[in-house]
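Working through the structure, step by step
Letter by letter, the chains look like this.
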Amino acid sequence: MDIPKVELHSHLNGSIRNSTLKDLLTNLSVPIPRTLQNPELEESTRTLSECFEIFPLIHLAVSTSSALRRVVRETLSDFESDNVIYLELRTTPRTLDSGSVGKREYVDLVLSEMKKWVEDKGTRLIPRLIISIDRSRGVEEARENMDIAKELFKMGHDYVVGVDLGGNPTKGTFKEFKGLLEEVRTAGMKVTVHAGEVDNLEEVNDIVAFRPDRLGHFLCVDDGVWEKMEREGGDIPIEVCPTSNVMTLGLEGLGQHPILERLVKEGYPVSINTDDAGVFNTKQSLELYRVAETLGLNEYTVSGLVWGAVDLVFEGNRRTRARVARDVMKGIKGILDKLERQEQGGT
Ligand SMILES: CNc1ncnc2c1ncn2[C@@H]1O[C@H](COP(=O)(O)O)[C@@H](O)[C@H]1O
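Residues numbered from 1 in each chain as written. Predicted model: local features only at pLDDT ≥ 70, side-chain atom pairs only at ≥ 80, totals over all residues. Heavy atoms only, no water.

As annotated in an unreviewed UniProt entry, the protein carries the name Adenosine deaminase domain-containing protein and is attributed to Triparma columacea. Regarding the protein, the relevant UniProt record gives this comment under Sequence similarities (unreviewed entry): "Belongs to the metallo-dependent hydrolases superfamily. Adenosine and AMP deaminases family." One UniProt comment on the protein, placed under Catalytic activity (unreviewed entry), says "N(6)-methyl-AMP + H2O + H(+) = IMP + methylamine". (UniProt positions renumbered as here; feature names shortened; annotations may be inferred.)

Okay, structure coming up:
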């Protein structure tokens, strides 16, 4: 799908190129694990627990300012090459350079590298930042992250658009972080929450009751959850990450995805995303292609999916939103023109 696209669920460090990860680990003299050596294994083995074994390794590799800068630049370039024109990257602040770079500096570094990349490239890609909480790291760390987010947001930083609750879903509870998320929401920030990655209906119901602006994944849900959502305010947009979902749920293919077909057929507000483009060896156009192939969608319907996601961006600036909508619309018009020409040629 070469039309201009928006990407709304993408973890910065999870987007690291495999080649860069190997390179950084080699420089640190850290042995390269088997799953990173064989490209076939790279694609086939990423269960949820394996993912959460890979992230510490990525964090070890990306433990210096220069490595982080490199990952930011390469990630933006990769999305740009895939014709993504609006990208909400998310990341969890952490310390770098053996502790001499603090969490706030980590975020500043990401932001300044994004800005510099945009200025150097003169690109039409609009990158934005969502600041994450890693639920496995406790409330104190989460508070630090949310304080950074609020401070940047209050300063009017144009790149910082929202916050996220993510991390290993088998660790921690949503309830622990609810108060903090309430606070950032009151401060005016948008909130997205990973929900239902593992079977925990009680937690999914708590998250739905909180009514975040968007939900990530939303896989292990039952009819009661949908009914509750309907009763208590209606659809909450869902960030679907097809390949990631197939792998972490251990499905045989996307045809087994628990909610994808229903969401697309019902015209539910969804966005299709990569999650961790490096870890899952993917890109957005591939994700859209896989969705189209599985559900038998034509280019016209897939364009509709891309168009629908434009509505779900966290960007607060009206003009920027209009620019994204215009660029996506132009791309869709190109597809419609092409389909029309094909039809005319065929008659
Ligand atoms: C597979 N689905 C997922 N579910 C939940 N959290 C995930 C995730 N994929 C990534 N992360 C979160 O993002 C971090 C890596 O990027 P950053 O260091 O923040 O840039 C992981 O450590 C995890 O906390």
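When you go through the protein residue by residue, the secondary structure sums to 15 helices and 8 strands. Expected size for 347 residues packed as a compact globule is a radius of gyration near 20 Å; at 20 Å, the protein falls within 12% of this value. Each principal axis of the C-alpha atoms in the protein carries an extent, and together these give about 70 × 45 × 45 Å. The buried share of the protein, taken over its 347 residues, is 54%. For the protein, restricting intrachain contacts to residue pairs at least 6 apart in sequence, the fraction spanning at least 24 positions comes to 72%. Per element, the accessible surface of the protein, about 15,100 Å² overall, is 48% carbon and sulfur. Between the averaged position of the 44 positive side-chain charges in the protein and that of its 57 negative side-chain charges there is a distance of 5 Å. (Helix = DSSP H or I, 4+ residues; strand = E, 2+ residues; numbered from the N terminus. Rg over C-alpha atoms; globule rule 2.2 N^0.38 Å. Buried < 20%, exposed > 50% of the residue type's maximum accessible area, 1.4 Å probe, protein only. Contact = heavy atoms within 4.5 Å. Areas by Shrake-Rupley, 256 points an atom, 1.4 Å probe, with all protein chains shown as cover. Lys, Arg positive; Asp, Glu negative; His and termini not counted. Charge placed at Lys NZ, Arg CZ, Asp CG, Glu CD.)

What follows covers the pattern of salt bridges. On inspection of all chains with the given rule, the structure shows 33 salt bridges. The network of salt bridges with shared partners includes Arg17, Asp23, Arg70, Glu74 and Asp78. (Salt bridge = Lys/Arg side-chain N within 4 Å of Asp/Glu carboxyl O.)

What follows concerns the pairing of strand S1 (residues 5–11). Two faces make up the sheet, and in a regular strand the side chains alternate between them. Summarising burial for S1: 7 of the 7 residues are buried, a large majority. Across 5 bridges, S1 lies against strand S2 (residues 84–91) in parallel orientation. Within S2, the position partnered with valine 6 by the bridge is tyrosine 86. (Pairing = 2+ DSSP bridges.)

Below, the discussion takes up the site of the ligand. Taken together, 20 residues form the shell around the ligand, and within it Asn13, His59, Thr91, Thr92 and Asp276 come nearest. In the environment of the ligand, a nitrogen atom lies 3.2 Å from a nitrogen or oxygen atom belonging to the side chain of aspartate 275. Within the side chain of aspartate 276, a nitrogen or oxygen atom sits 2.7 Å from a nitrogen atom of the ligand. For the ligand, whose free accessible area comes to 510 Å², the fraction covered by protein is 98%. Elements supplying a minimum of two residues to the shell around the ligand: helix H4 (48–61) and S2. In terms of residue count, H4 provides more of the shell around the ligand than any other element does, 3 residues in total. Classifying every residue of the shell around the ligand gives 4 nonpolar, 11 polar and 5 charged. (Near = heavy atom within 4 Å. Polar contact = N/O pair within 3.5 Å; in protein donor to acceptor, adjacent residues only side chain to side chain. Nonpolar A, V, L, I, M, F, W, Y, C, P; charged D, E, K, R; others polar.)

One finds Val62, Met114, Ile131, Leu181, Phe218, Trp226 and Ile238 to be the most contacted residues of the largest nonpolar core, which totals 103 residues. The element best represented in this core is helix H6 (residues 103–121), accounting for 8 residues. With residues up to four places along the chain from it excluded, the contact list for tryptophan 226 reads Phe218, Val221, Ile238, Ile259, Arg262, Leu263 and Tyr268. (Core = buried A, V, L, I, M, F, W, Y, C linked by side-chain atoms within 4.5 Å.)

Below, the discussion takes up the packing of helix H1 (residues 18–27) against helix H5 (residues 65–81). Two measures define how a pair of helices packs: the angle their axes make with one another and the distance between the axes. Contact geometry for H1 and H5: axes closest at 11 Å, N-to-C directions at 170°. With respect to each other, H1 and H5 are oriented roughly antiparallel. Across from Thr20, Asp23 and Leu24 in H1, the residues of H5 making contact are Ala67, Arg70 and Glu74. Taken together, the residues of the contact of H1 with H5 break down into 2 nonpolar, 1 polar and 3 charged. (Axes fitted to C-alpha atoms, helices over the stretch in contact; angles between N-to-C directions. Parallel < 35°, antiparallel > 145°, perpendicular 65-115°, else oblique.)

Examined against the element boundaries, leucine 8 turns out to sit in strand S1. Residues leucine 8 and isoleucine 130, 122 residues apart in the sequence, show an inter-C-alpha distance of 9.5 Å. Residues in contact with leucine 8, not counting those within four places in the same chain, are Tyr86, Glu88, Arg90, Ile130, Arg214, Glu239, Ser271, Asn273, Ala309, Leu312 and Val313.

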